[in-house]
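# Close look at the chain arrangement
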Amino acid sequence: MEIVIPDDVLVSLKLPKSEVERELKLELALILYSRGALSLGKAAKLAGLTKREFIEELARRRIPRHYTERELEEDLDFARG
């Protein structure tokens, strides 16, 4: 899939050209995660971050983390080794 963004919109972002794609992917991932459209893992992947980095970004922006019972079980299994 490709999303076309008009040049005048890209210019108005006032970001260095080298950062535009990364920033747009991060913003999209955050929005989709906050709406419940993407899981944490998929949102992190879209943003190009590890799950930990993505969680830290959520915290910085005060976006609530969706934490399901399944995720809790996975975390407990991981902690148990």
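From a predicted model like this one, the values you see are computed outputs, not experimental measurements. (Residues numbered from 1 in each chain as written. Predicted model: local features only at pLDDT ≥ 70, side-chain atom pairs only at ≥ 80, totals over all residues. Heavy atoms only, no water.)

By the definition in use, this model includes 9 salt bridges. Across the pair Arg70 and Glu74 runs a salt bridge whose closest N-O atoms are separated by 3.1 Å. With Arg70 and Glu74 both in helix H5 (residues 69-80) and 4 residues apart, this pair spans about one turn of that helix. A relative accessible area of 57% places Arg70 in the exposed class. (Salt bridge = Lys/Arg side-chain N within 4 Å of Asp/Glu carboxyl O. Helix = DSSP H or I, 4+ residues; strand = E, 2+ residues; numbered from the N terminus. Buried < 20%, exposed > 50% of the residue type's maximum accessible area, 1.4 Å probe, protein only.)

A word on the nonpolar core. Ranked by size, the top nonpolar core spans 10 residues in total: Leu26, Ala29, Leu30, Tyr33, Leu40, Ala43, Ala44, Ala47, Phe54 and Leu58. Once you skip the residues sitting within four places of it in the chain, Ala29 turns out to touch Ala43, Leu46, Ala47 and Phe54. (Core = buried A, V, L, I, M, F, W, Y, C linked by side-chain atoms within 4.5 Å. Contact = heavy atoms within 4.5 Å.)

Quick look at unusual backbone geometry now. Positive phi, normally seen in glycine, also occurs at Lys14, with a value near 55°. Positive phi, close to 55°, is recorded for Arg62, a residue that is not glycine. By secondary structure assignment, the location of Arg62 is in the loop between helix H4 (51-60) and H5.

Here Glu57 is to be found in helix H4. Since its relative accessible area comes to 12%, Glu57 is described here as buried.

Our next topic: the packing of aromatic side chains. With the rule as written, the count across this model stands at 1 aromatic pair. Between Tyr33 and Phe54 the ring centres are 5.8 Å apart and the planes differ by 85°, which places this aromatic pair in the edge-to-face class. Note that Tyr33 is positioned in helix H2 (residues 17-34) and Phe54 in helix H4, a separation of 21 residues in sequence. A single burial state applies to Tyr33 and to Phe54, both of which are buried. (Phe/Tyr/Trp six-rings, centres within 6.5 Å; stacked < 30°, edge-to-face > 60°.)

So, about the packing of H2 against helix H3 (residues 40-47). The N-to-C vectors of H2 and H3 enclose an angle of 165°; their axes lie 8 Å apart at closest approach. The angle between the axes of H2 and H3 places the two elements in the roughly antiparallel class. Between H2 and H3 lies a crossing of right-handed hand. Here Lys25, Leu26, Leu28, Ala29, Leu32 and Tyr33 of H2 come into contact with H3, specifically with Leu40, Ala43, Leu46 and Ala47. (Axes fitted to C-alpha atoms, helices over the stretch in contact; angles between N-to-C directions. Parallel < 35°, antiparallel > 145°, perpendicular 65-115°, else oblique. Left-handed = near helix turned anticlockwise from the far one by under 90°.)

These figures come from the coordinates and say nothing about function on their own.
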